[in-house]
Amino acid sequence: MAKWMAGFAAAAFLIAAGTAQAQPKTAAQPFNARKPADVASALTQAGATGVLETDKSGNLFFKGQQNELNFSVEFRDCSADKSSCKAAYYMASWEMDSPPLKTLNLWNDVTYVCAAFQAADGSPYLKMGFLPQTSDTRAGFIEDHDMWLQCVGEFRGLLADPDAFEASIAAPN
């Protein structure tokens, strides 16, 4: 019986060792959309380049670039150590004169996700806020990032030809 128990123990050890070898050496860390480091990693996975930085007021932001677009993701309502935040938003601006406020207001009237506004210096800005949840997935976050890029593309069209944008909104279906 002792031989059988020794053989059983050896077989269990070999099975356990085989199982351990079959699993990756480092398990993937779960994604947490409230963690700026996780957001930065997901943005990089989605094709952006950039780094986390801190502004003059101590707020954390991701300074990024993708598809010839410079943008930031600014984090707000963060823990004291800035490792977790309850709110964030994408921000992009263009160094040019803004379309008329009437056009920006029309954009905001027909767009539900990305808000446009004119800065004090007269340049156009685009902003998309989000409230990260611990239940958000990396894939879902990347889908939202793609929505941001689509919004930017549409807004670039408005900047290129504000009159055509206005006409497209006024045109009957």
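Residues numbered from 1 in each chain as written. Predicted model: local features only at pLDDT ≥ 70, side-chain atom pairs only at ≥ 80, totals over all residues. Heavy atoms only, no water.

Peer 1: Where do I start with the overall build of the protein chain in this structure?
Peer 2: Scanning the protein chain for helices and strands turns up five helices and six strands. Traced from its N-terminal end to its C-terminal end, the protein chain shows the element sequence α-α-β-β-β-β-α-β-β-α-α. Out of the 173 residues belonging to the protein chain, those deemed buried represent 32%. Sequence-distant contacts, at least 24 apart, represent 52% of the contacts inside the protein chain between residues at least 6 apart. (Helix = DSSP H or I, 4+ residues; strand = E, 2+ residues; numbered from the N terminus. Buried < 20%, exposed > 50% of the residue type's maximum accessible area, 1.4 Å probe, protein only. Contact = heavy atoms within 4.5 Å.)

Peer 1: What am I meant to see in the confidence of the model for the protein chain here?
Peer 2: Taken as a whole, the protein chain shows an average pLDDT of 85; of its residues, 82% reach a score of 70 or greater. Confidence scores differ between elements of the protein chain, with helix α1 (residues 2–22) showing the lowest mean pLDDT of 35 and strand β4 (residues 85–93) the highest of 97. Every residue in residues 1–27 scores below 50 in pLDDT, and together they form zero contacts with partners more than four places removed in sequence or on other chains. (pLDDT = per-residue confidence, 0-100.)

Peer 1: Explanation requested: unusual backbone geometry in the structure shown.
Peer 2: For Glu68, which is not glycine, the phi dihedral falls at a positive 60°. Within the fold, Glu68 resides in the loop between β2 (60–66) and β3 (69–78). Judged by its relative accessible area of 74%, Glu68 is exposed. Despite not being glycine, Lys82 shows a phi value in the positive range, around 65°. As for its position among the elements, Lys82 is in the loop between β3 and β4.

Peer 1: Teacher, can you tell me more about the pairing of β2 here?
Peer 2: For a regular strand, the rule is simple: side chains alternate between the two faces of the sheet. Taking burial as the measure, the seven residues of β2 include five buried ones, the bulk of the element. Here strand β1 (residues 49–54) runs beside β2; their pairing, made up of six bridges, is antiparallel. Counterpart to Leu52 in the pairing with β2 is Phe62. Where β1 folds back onto β2 in an antiparallel hairpin, the turn is made up of five residues, including Gly58, whose phi is positive at roughly 90°. Looking at chain direction, β2 and β3 are connected through six bridges and run antiparallel. If you follow Gln65 over to β3, its bridge partner there is Asn70. Taking the residues that link successive antiparallel strands as the turn, the β2-β3 hairpin has two residues, and the phi of Asn67 there is positive, at about 50°. (Pairing = 2+ DSSP bridges.)

Peer 1: I tried to follow the packing of aromatic side chains on my own but got confused; where do I start?
Peer 2: For the structure shown, the criterion picks out 10 aromatic pairs. Summarising the aromatic geometry, the rings of Phe62 and Phe71 are spaced 6.2 Å apart at their centres and angled 40° between planes, so their arrangement reads as tilted. Side by side, Phe62 and Phe71 carry an identical accessibility label, which is buried. In this structure, Lys127 packs its charged tip against the face of Tyr89, placed 4.3 Å from the ring centre. (Phe/Tyr/Trp six-rings, centres within 6.5 Å; stacked < 30°, edge-to-face > 60°. Lys NZ or Arg CZ within 6 Å of the ring centre and 35° of its normal.)

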